[in-house]
Amino acid sequence: MALSKHEIEKRKKALEKILEAYPAKTKKNRRSHIVVRDTSEGAQEITANTRTLPGIMTNRGCAFAGCKGVVLGPIKDMAHIVHGPIGCSYYAWGTRRNKAKTAEGEVNLINYAFSTDMQESDVVFGGEKKLIAMIDEVVETMKPKAVTITATCPVGLIGDDIGSVAKAAEKKYGIPVMSFNCEGYKGVSQSAGHHIANNVLMQRIIGSSDLEEPAGKYAINILGEYNIGGDSWEIERVLKDIGYHVVSVMTGDGSYEQLKDAHTAELNLVQCHRSINYIAEMLEEKYGTPWLKVNFIGVQSTAQSLRDMALYFGDPALIQKTEEVIAKELAQVEVVMEQYKKLCEGKTAFCFVGGSRGHHYQGLFKEIGIDTVLAGYEFAHRDDYEGREVIPNIKMDADNKNIEEIKVTKDEKRYKLKIPKERLEEIKDKIPLSYYNGMIKDMDDGTFIVDDLNHYETEEFIKLLKPDILASGIKDKYVIQKMGIPSKQLHSYDYSGPYAGFKGAVKFAEDVTMGFTSPTWNYIVPPWKSSPTLEGTVTEGGE
Ligand code: CFM
């Protein structure tokens, strides 16, 4: 709900109060990462994708997490070897819930973690030998379609040449072996790792098959969908029902075999803009395939995205089929959603997730009557907040320059317009083609937008806004629950899901409602409610 001018001013003052606890320099820094939504100010700017100040308890991950964990990890028929100490792999193993399945007899390595288990002696004397042995073992026993080698921090520090190890292994085994210098420190967050992974996938795999025409009508790729809790399966179920041919999903339940054909699609859908907009842009540049920003989180957004897709292809039969499928799906979910809405109506939420969900889930919350009063991203860039129109104004710093910007050129043989030029002109203002509007413009006056929200601020904003639920991550979840507030993990979905698409929305509504109605809360007494946090007595004479 939008607040009045007076209320907005009050919020701005409250923010100043929260920031007062910081030393002057930190205060200045953090103030630039926080916006109180105020449409009277016009376009509001936020600082994003810069270093977290030392000492601040951030929720961010590292470049390695973004490269191996996020983008590469879900590709099921490739072996993802982590060159580094075991801790990096232990943390990354199975925690992201990017599900994958294969037909009997096909390679599916999704449940494995391959690590070189670097020891102190490898750090001192070099770890290349160990890596070579690891590749031999993995290729011989697992028969992967391709191999990735991802570097963790010590690898970059000691200078192991994973590039030449990869090259030699590729020669030896005749399958692609790709190296990724995605050492954790390579960027300010996992965002850097996304970019590094995007570059190599584009250079080495995408478009590497001989296929010239798509194997089905209305051929699409789904980009930035990682099948967390089965999300992409639910999305694909609906798309296939309408008649789309899904060439590849990047990278949820994805495969090397699918990725090779990705150039044949006639449209690229982009769900998570942050993690994969690089590939979307490069596909457009190289093959002329436009990308469409979609959002399959929430009933209304899903229906809207399906309509946008149908409009792009413009075939009356497809448009009609789309409406039929939407009607059929809505008939199944709307009544149920209404029931959950009755139990959730009027409540408020914080929606703070990595780089895209902080925006996407706000609509779904709204559908069950929950207003988002604070939202933000851990590591997104200004365009994810303010819209892609700000990209030319984003300042490059040393950290950004650290990540290679690769340039792709038009593939003279394969580049073609996927739909007639006049048609493109006609629809370009009606659907978000090659454009993302960002989060801020969708938020109500008086709400907070916070970049890289930290633990101190989380507690302070909870005290100020008293939300009924927090959408968050594992690092802050239990602190929040100990404050007596249900916390819905929106990275792993707390072992639940899918939350995408029509049926996923119902599952989400059910889980959130359960969070509110669980009797657990009657048994939790936050420590400060039963005893003061500080106790002391003043005695005379210093005794
Ligand atoms: Fe994209 Fe993601 Fe996200 Fe992301 Fe992530 Fe994730 Fe996320 Mo956790 S790719 S930016 S790096 S939607 S792992 S599936 S939930 S922080 S908001």
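Quick caveat: nothing in here was measured; it's all calculated off a predicted structure.

So, about the pattern of salt bridges. If charged atoms from side chains of opposite charge come close, those side chains can pair. This structure, assessed with the given rule, holds 40 salt bridges. Lys 217 serves as the salt-bridge partner of Asp 315, at 3.9 Å between the closest nitrogen and oxygen. Residue Asp 315 is found in the loop between helix H13 (299-313) and helix H14 (316-344), and its partner Lys 217 is found in the loop between helix H9 (190-204) and strand E6 (219-225); the two are separated by 98 residues along the sequence. Within the structure, one salt-bridge network assembled from shared partners comprises Lys 5, Glu 9, Lys 12, Asp 38 and Glu 41.

It is worth spelling out the site of the ligand at this point. Around the ligand, a shell composed of 15 residues is seen, among which Arg 96, His 194, Cys 272, Ser 356 and His 491 lie nearest. For the shell around the ligand, a count of residues per class yields 7 nonpolar, 6 polar and 2 charged.

So, about the sheet that holds strand E1 (residues 34-36). With mixed pairing, 6 strands are arranged side by side in an open sheet as E1-E12-E11-E10-E13-E14. Across the chains shown, the open sheet's two edge strands, defined by having one partner strand only, are E1 and strand E14 (487-489). Averaged over all pairs of adjacent strands, the angle between strand axes in this sheet comes to 15°, irrespective of strand direction. Pairing analysis gives 3 bridges linking strand E10 (residues 348-353) to strand E13 (residues 469-472), with the strands arranged parallel. Looking at E13, one finds that Ala 349 is bridged to Ile 469.

Along helix H19 (residues 455-465), the residues that are buried comprise His 455, Glu 457, Thr 458, Phe 461, Ile 462 and Leu 465. Seen along its axis, H19 keeps its buried residues to an arc of 155°; they face one direction. The backbone nitrogen of Tyr 456 lies 3.2 Å from a side-chain oxygen of the residue at the head of H19, namely Asn 454. Phi turns positive one or two residues past the end of H19, at Lys 466, with a value near 45°.

This next bit is on the side chain of His 83. Mapped onto the fold, His 83 is located in strand E2 (residues 78-83). Overall, His 83 belongs to the buried group, its relative accessible area being 0%. A polar contact of 2.8 Å, which involves the side chain of His 83, links it to the side chain of Thr 116. There is a polar contact of 2.9 Å between the side chain of His 83 and the side chain of Asp 160. When neighbours within four sequence positions are excluded, His 83 is seen to be in contact with Thr 116, Met 118, Gly 127, Leu 131, Ile 149, Thr 150, Ala 151, Thr 152, Val 155, Asp 160 and Ile 162.

Taken as a whole, this structure holds 13 aromatic pairs when the rule is applied. Here the aromatic rings of Tyr 312 and Phe 313 are separated by 4.9 Å at their centres, their planes lie at 85°, and the arrangement is edge-to-face. Here Tyr 312 matches Phe 313 in class, with each residue buried. Centre to centre, the rings of Tyr 493 and Tyr 499 are 4.3 Å apart; their planes meet at 40°, and the pair counts as tilted. In this structure Tyr 499 comes out as buried when scored by relative accessible area, which is 0%. Each member of the aromatic cluster is reached from another via a ring pair, and the members are Tyr 361, Phe 365, Tyr 493, Tyr 499 and Phe 508. For the cation-ring pair, Lys 410 lies above Tyr 415, with the distance from its terminal atom to the ring centre recorded as 4.6 Å. Against the face of Tyr 478 rests Lys 477, its NZ or CZ located 5.9 Å from the ring centre.

The end-to-end C-alpha distance of H14 is 39 Å, a good match for the 42 Å that 29 residues give at a rise of 1.5 Å each. Of all the bends in H14, the greatest measures close to 35° and is centred on Leu 330. Summarising the contacts, the buried residues of H14 are in contact with helix H10 (231-242), H13, helix H15 (357-367) and helix H21 (501-517). Looking one or two residues beyond H14, the residue adopting positive phi is Gly 346, at roughly 90°.

Another point: the side chain of Arg 37. Residue position: Arg 37 is located in the loop between E1 and helix H3 (63-72). In this structure, Arg 37 is buried with no salt-bridge partner, the nearest side chain bearing the opposite charge being Asp 445 at 4.8 Å. Not counting residues up to four positions away in its chain, the partners in contact with Arg 37 are Ile 8, Gly 42, Gln 44, Ile 440, Lys 441, Met 443, Asp 444, Asp 445, Gly 446, Thr 447 and Ile 449.

We now examine the environment of Gln 489. Secondary-structure assignment places Gln 489 in strand E14. Sequence separation of Gln 489 and Leu 267 is 222 residues, and the distance between their C-alpha atoms is 32 Å. Residues contacting Gln 489, with those up to four places away along its chain left out, are Ser 472, Gly 473, Ile 474, Lys 477 and Asp 494. Polar contacts involving the side chain of Gln 489 include one to the main-chain amide nitrogen of His 491, which spans 3.2 Å.

The rules we used
- Residues numbered from 1 in each chain as written.
- Predicted model: local features only at pLDDT ≥ 70, side-chain atom pairs only at ≥ 80, totals over all residues.
- Heavy atoms only, no water.
- Salt bridge = Lys/Arg side-chain N within 4 Å of Asp/Glu carboxyl O.
- Helix = DSSP H or I, 4+ residues; strand = E, 2+ residues; numbered from the N terminus.
- Near = heavy atom within 4 Å.
- Nonpolar A, V, L, I, M, F, W, Y, C, P; charged D, E, K, R; others polar.
- Pairing = 2+ DSSP bridges.
- Axes fitted to C-alpha atoms, helices over the stretch in contact; angles between N-to-C directions.
- Buried < 20%, exposed > 50% of the residue type's maximum accessible area, 1.4 Å probe, protein only.
- Arc of directions from axis to C-beta.
- Polar contact = N/O pair within 3.5 Å; in protein donor to acceptor, adjacent residues only side chain to side chain.
- Contact = heavy atoms within 4.5 Å.
- Phe/Tyr/Trp six-rings, centres within 6.5 Å; stacked < 30°, edge-to-face > 60°.
- Lys NZ or Arg CZ within 6 Å of the ring centre and 35° of its normal.
- Expected span 1.5 Å × (residues − 1).
- Bend = angle between axes of the 7 residues up to and from the residue.
- Lys, Arg positive; Asp, Glu negative; His and termini not counted.

Treat this as a map of the structure, not an account of what it does.
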